[in-house]
2 protein chains.
Amino acid sequence: MNGAHSLLATLVDHGVDVCFANPGTSEMHFVAALDAVPQMRGILTLFEGVATGAADGYARMADKPAAVLLHLGPGLGNGLANLHNARRAHTPMIVVVGDHATYHKKYDAPLESDIDALAGTVSGWVHRTVDTGAVAGDAADAVAASLVGAVSTLILPADVSWTDGVSTAPVRVVAEQPAVDDEAVRASADALRSGAPTVILIGGDATRKPGLSAAVRIAAATGALVLCETFPARLERGAGVPAVERLAYFAEAAQAQLEGAAHLILAGAKSPVSFFAYPGKPSDLVPEGCDVHVIAEYRGAAAALERLAEELAPGSTAVVAPAVRPDLPTGDLTAFAVAAVVGALLPEGAVVVDESNTGGVGVAAATAGAPAHDVLTLTGGAIGYGMPAAVGAAVAAPGRPVLSLQADGSAMYTLSALWTQARENLDVTTVIFDNGAYDILRIELQRVGAASTAPGPKALELLDLGSPAIDFVKIAEGMGVPARRATTVEELAAALTAAFAEPGPHLIDAVVPSLAG
Amino acid sequence: MNGAHSLLATLVDHGVDVCFANPGTSEMHFVAALDAVPQMRGILTLFEGVATGAADGYARMADKPAAVLLHLGPGLGNGLANLHNARRAHTPMIVVVGDHATYHKKYDAPLESDIDALAGTVSGWVHRTVDTGAVAGDAADAVAASLVGAVSTLILPADVSWTDGVSTAPVRVVAEQPAVDDEAVRASADALRSGAPTVILIGGDATRKPGLSAAVRIAAATGALVLCETFPARLERGAGVPAVERLAYFAEAAQAQLEGAAHLILAGAKSPVSFFAYPGKPSDLVPEGCDVHVIAEYRGAAAALERLAEELAPGSTAVVAPAVRPDLPTGDLTAFAVAAVVGALLPEGAVVVDESNTGGVGVAAATAGAPAHDVLTLTGGAIGYGMPAAVGAAVAAPGRPVLSLQADGSAMYTLSALWTQARENLDVTTVIFDNGAYDILRIELQRVGAASTAPGPKALELLDLGSPAIDFVKIAEGMGVPARRATTVEELAAALTAAFAEPGPHLIDAVVPSLAG
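Residues numbered from 1 in each chain as written. Chains lettered and ligands numbered in written order. Predicted model: local features only at pLDDT ≥ 70, side-chain atom pairs only at ≥ 80, totals over all residues. Heavy atoms only, no water.

Peer 1: I'd love a proper account of the packing of helix H4 (residues 72–89) of chain A against helix H4 (residues 72–89) of chain B, names of residues and values included.
Peer 2: Across the interface, H4 of chain A lies against H4 of chain B with an axial gap of 8 Å and an inter-helix angle of 175°. Between H4 of chain A and H4 of chain B, the crossing angle belongs to the class labelled roughly antiparallel. Seen from H4 of chain A, the contacting residues are Pro-74, Gly-77, Asn-78, Leu-80, Ala-81 and His-84 of chain A; seen from H4 of chain B, they are Pro-74, Gly-77, Asn-78, Leu-80, Ala-81 and His-84 of chain B. Among the residues making up the contact of H4 of chain A with H4 of chain B, the classes are represented as six nonpolar, six polar and no charged. (Axes fitted to C-alpha atoms, helices over the stretch in contact; angles between N-to-C directions. Helix = DSSP H or I, 4+ residues; strand = E, 2+ residues; numbered from the N terminus. Parallel < 35°, antiparallel > 145°, perpendicular 65-115°, else oblique. Contact = heavy atoms within 4.5 Å. Nonpolar A, V, L, I, M, F, W, Y, C, P; charged D, E, K, R; others polar.)

Peer 1: Talk me through the relation of the copies chain A and chain B; I want residue IDs and the actual numbers.
Peer 2: One copy of the chain maps onto the second through a rotation about an axis and a displacement along it. In the superposition of chain A on chain B (RMSD 0.0 Å, axial shift 0.0 Å), the rotation amounts to 180°. Within this description, the copies of the chain are treated as partners about a two-fold rotation axis. The position closest to the rotation axis in chain A is occupied by the C-alpha of Ile-475 of chain A, lying 2.2 Å away. The overlap is high: 99% of the interface residues of chain A also sit at the interface in chain B, so the same surface is used on both sides. (Least-squares fit on C-alpha atoms with pLDDT ≥ 70 in both.)

Peer 1: Break down the interface of chain A and chain B for me, with residues and values.
Peer 2: Contacts between chain A and chain B engage 97 residues on the former and 96 residues on the latter. When chain A packs against chain B, close to 8,000 Å² is buried across both sides, 66% of that on carbon and sulfur atoms. It is Pro-110, Lys-458 and Leu-462 of chain A that lose the most area in chain A upon contact with chain B, and together they represent 9% of the buried surface on that side. On inspection of chain A and its partner chain B, the count reaches eight salt bridges. Note that Lys-474 of chain A is salt-bridged to Glu-477 of chain B, the shortest N-O span being 3.1 Å. The interface formed by chain A and chain B holds 48 residue pairs in polar contact (both at pLDDT 80 or more) in total. Those elements that place two or more of their residues in the side of chain A that touches chain B are helix H2 (28–33), strand E2 (41–44), H4, helix H5 (115–120), helix H16 (417–423), helix H17 (439–447), helix H18 (457–461) and helix H19 (472–478) of chain A. Take the side of chain A that touches chain B: its biggest share by element is nine residues, from H4 of chain A. Its residues placed into classes, the side of chain A that touches chain B shows 53 nonpolar, 26 polar and 18 charged. (Buried area = accessible area lost by both parts, 1.4 Å probe. Salt bridge = Lys/Arg side-chain N within 4 Å of Asp/Glu carboxyl O. Polar contact = N/O pair within 3.5 Å; in protein donor to acceptor, adjacent residues only side chain to side chain.)

Peer 1: Can you lay out the pattern of salt bridges for me, pointing to particular residues and giving the numbers?
Peer 2: Under the defined criterion, the tally for this structure stands at 48 salt bridges over all chains. The partner of Glu-252 of chain A in a salt bridge is Arg-447 of chain A, and the shortest N-O contact between them spans 2.4 Å. Placement of Glu-252 of chain A in helix H10 (residues 251–258) and of Arg-447 of chain A in helix H17 is noted, with a sequence separation of 195 residues between them. Residue Asp-374 of chain B pairs with Arg-400 of chain B through a salt bridge whose shortest N-O separation is 2.6 Å. Here Asp-374 of chain B, found in strand E14 (residues 373–377), pairs with Arg-400 of chain B, found in the loop between helix H14 (386–396) and strand E15 (402–407); they are 26 residues apart in sequence, far enough to count as distant. Note on Asp-374 of chain B: relative accessible area 5%, which makes it buried. Each of the salt bridges in this network shares a partner with another, and the network as a whole consists of Asp-63, Arg-208, Arg-234, Glu-236, Asp-374 and Arg-400 of chain A. (Buried < 20%, exposed > 50% of the residue type's maximum accessible area, 1.4 Å probe, protein only.)

Peer 1: Before we move on, could you go through the sheet that holds strand E10 (residues 245–246) of chain A and cite the residues and values that matter?
Peer 2: Paired through their backbone hydrogen bonds, the strands of a sheet run either parallel or antiparallel. All names here are of chain A. Taken in spatial order, the five strands of this open sheet run E10-E8-E7-E11-E12, and their pairing is parallel. Edge positions in the sheet fall to E10 and strand E12 (291–296), since each of these pairs with one other strand and no more. Sheet topology places strand E7 (residues 198–202) next to strand E11 (residues 263–267); five bridges connect them, and they run parallel. Looking at E11, one finds that Thr-198 is bridged to His-263. (Pairing = 2+ DSSP bridges.)

Peer 1: Mind laying out the confidence of the model for chain A, listing which residues take part and the relevant values?
Peer 2: On average, chain A scores 96 in pLDDT, and the residues at 70 or more come to 98%. Across the interfaces of the predicted complex, the ipTM metric reaches 0.97, alongside a pTM of 0.98. (pLDDT = per-residue confidence, 0-100.)

Peer 1: Which residues make up helix H1 (residues 3–13) of chain A, and what values do they have?
Peer 2: Residue and element names in this part refer to chain A. Burial analysis of H1 places nine of its eleven residues in the buried class, the great majority of the element. Buried within H1 we find Gly-3, Ala-4, Ser-6, Leu-7, Leu-8, Ala-9, Thr-10, Leu-11 and Val-12. Buried residues belonging to H1 abut H2, strand E3 (67–71), strand E4 (93–99), helix H6 (135–146), strand E6 (151–157) and helix H7 (158–162). The N-terminus of H1 is capped by Asn-2, whose side-chain oxygen sits 3.2 Å from the backbone nitrogen of Ala-4.

Peer 1: If you had to explain the pairing of strand E4 (residues 93–99) of chain B to someone new, which residues and values would you point to?
Peer 2: Residues and elements named next belong to chain B. Within E4, seven of the seven residues are buried, leaving the element largely enclosed by the surrounding structure. The side-chain alternation of E4 yields two buried faces, one formed by Met-93, Val-95, Val-97 and Asp-99 and the other by Ile-94, Val-96 and Gly-98. Both strand E3 (residues 67–71) and E4 contribute to a ladder of five bridges, which runs parallel. For Leu-69, the partnering residue across the bridge sits in E4 and is Val-96. In this fold, E3 hands off to H4, which returns the chain to E4; that crossover is right-handed. In the sheet, E4 pairs with strand E6 (residues 151–157) via seven bridges, with the strands oriented parallel. Bridge pairing links Met-93 to Val-151 in E6. (Right-handed = clockwise from strand over helix to strand, strands pointing away.)

Peer 1: Give a description of helix H1 (residues 3–13) of chain B that names residues and reports values.
Peer 2: Structurally, H1 of chain B contributes buried residues whose contacts are with helix H2 (28–33), E3, E4, helix H6 (135–146), E6 and helix H7 (158–162) of chain B. One or two steps after H1 of chain B, the chain reaches Gly-15 of chain B, where phi turns positive at roughly 85°.

Peer 1: Which residues make up the packing of aromatic side chains, and what values go with them?
Peer 2: Any aromatic ring pair is given by two values, namely how distant the centres are and how the planes are angled relative to each other. Summed over the entire model, instances satisfying the criterion amount to 15 aromatic pairs over all chains. Ring centres 5.1 Å apart and planes at 65° place the aromatic pair Tyr-249 of chain A and Phe-250 of chain A in the edge-to-face group. Aromatic side chains Phe-20 of chain B and Tyr-58 of chain B sit 6.2 Å apart centroid to centroid with 70° between the ring planes, which places their arrangement in the edge-to-face category. Taken together, the positions of Phe-20 of chain B in strand E1 (residues 18–21) and Tyr-58 of chain B in helix H3 (residues 48–62) put the pair 38 residues apart, joining distant regions of the chain. For Phe-20 of chain B, a relative accessible area of 0% puts it in the buried group. (Phe/Tyr/Trp six-rings, centres within 6.5 Å; stacked < 30°, edge-to-face > 60°.)

Shown next as structure tokens:
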């Protein structure tokens, strides 16, 4: 058994049985070993950012890590943006980066680069395996380190991969849940009992049913306001699920939500800050004089809220969102009309991967009473996340329809995810909010005060995607995904109905006007 | 004048007047300032790797740096692979990475990451500007540092960009050429006069006419063999240009070229090593017992060779390649037939950007006597270089036709370069060597001994691009580039003739069989 075989065998022993791969020469023994380990499913992506984004989406839905196979430093570089998002989502992931043979590195061959430095920026755990005998133990350590919610990066030199050797079978390691912090629970309970205006900001593992239920029970008993972090890794919502509002993206709106709070209880969420800095506006969104209580970090937040609910609202049940869908709209196809069509037609048990950015502004309201679904969001702000994450979500949840809501600008970063959707016949419906612009930047250009008078033509040209117009139908078809364009509400409804009815990937290019005015 | 305006003004004062940009919110003041500095041309790319690859291609043809504008750490991450290639090509480039406002960084907002660590892996110079007063000086330093042939990365916090302030006008800095090393020239002259078999391996600035002429004059006078490094940044070749063979990519073939050499003179090239390590094969390709003489590093190599030619071959003239084109082939469309068609039709003064990988194996021979042209190659081995570099080459050399030879696999990494080609109406003809596979990896899978018997189906599936087949015609049209498919020699010749005759971008999908057998 060579190192590559040993690595794959160890991964599957630890429950990691999907690998999103974009290999090169230094990974050929890993690729060859796939045939020796039938439990491991290898899924080819045509760009590394698709592999890392897919592994992120996979783990958010499977509640266990996938592996990723990348080729040296440049391959890792191409995967970094979605590893950044995974880091912010606390996603477990095993990134295997093939490297030159140990003895070859000193020659500084063309592909030599500082893999360790790159990996360090996104990983909770980085390790370079130096001999075949250490592979199994290192792989087990990588899995264990990932299970706290982090990217583990294992750098695998080619000769370690190809050399035969005995690798000891490691003990399976389980990451324990942190214990509930009784003192923190007591402090939060005191704050909530004080009657002073209190906001509970939830995130981490509290954005699924148990945490949501506890949070809304506490709110009902105490009058507190529950908000969810702006970009949850995975939010359960829809009919039958306790509903929480998300903290707004724009700082002014978030400040309005938090205004007047005397206490802010953080359950799995970080203390709220502005996504970007804006001249003359605060970065820290905690109202002046507000006391901040951290009841739990991103792991154990649901358990802490349940403990708090036992104390403050024993025996109560959580109010859940009613089943209410918007009517199918009529009239022009706008971003809000797209949202209404989605709300009217979203199937039961959908996974909604949201990278719709400005275009998707109306989606949350329109789907609040749709059948229960999960929403995966852009946790780290690094665009090019949605279409790859849809790949991973569909692999993790094969019985569930995946709806990938995608802005036109961000769609262009990891476009070849569509090809992998076609290759694996994944049940993903992509809706492009096609407004022909970096619409968010048209808005931000005003908000940062960069164009105090009218923005100039050179600036506006850099935010324009309409010249030439991008034909997403042709691009999708070019990658093997059936696609249609929708320019009316009726066309969109028909296309979406058809896409949901037929398994496999589809893309709908929804042409909508800009919201930036 | 704010920091952004000051930066742009300083760059154009130093001759940097093109900026390939993929901006975000933290770069909005830079974008707005473009209208205040009309000399700076801003060119939008839809992915950061397109921006960095374009700046690389631009500098190789313009002999001066372009600027690149990227958005925070993830934006830099997406641009790293082509920065890696630029580093290996010794390409001057000014990378401006927008960052959060200085006072905002401590809040660890979602897009916060270690930009400095990423930049350090690819840059010769990294600096974080901390106040507006320092912007102009820092920008001048960045340009100066780049001119030795390196990536300069300037990290520009948003508040430095938006704050008004006085920035002193810096003195223009010129990077001096290194002096010729007389001792090294003497040692090489002695080796060449010894009569022992000698190879001169050229690279760096010696791969253009002056260096090539000197090298072939020396070879003619001494019987030495001149070879060019495997992946030159820019190689001048074709009719009327002194011809040199390139060191082979596969180590076995390179060893055969170097076999028997008693002396190896390095003029701008690194000592030859295997691109990858292979079990049981040497990494160092210098023959045993061969003396290695470094006559010059990548800068000053042409000058050192000219000095050597004066000494060894005074008054001689260089033999140049004759004008000989292959006939247009007949029969099936194979990779070699594509090469012959290119050789038969290549227009005068073309810039050939070569990322054809396995498919392009016949191109060098077929174009050896074509009209004089430049070839830009994949210096760092990080794929996704070709189509962006073609953007930059076309911007740098607007009067010259650019031929972008592209493998199907590597085309999928930075595909949206086609959109920028369309938007800027660049005269780029892309030929896809469409063999439906990672053909190089099919070959490497055998060479690394990973599949000593027959490779298994799971391994082969990870190297297959044919399921589904990628329709490059639709994809190109989707990005605004007219495209045709060629399945016969005649179709290819007709399509290539038409593409060369009409300005603006075109793509030809040349369907060829796999070479891996």
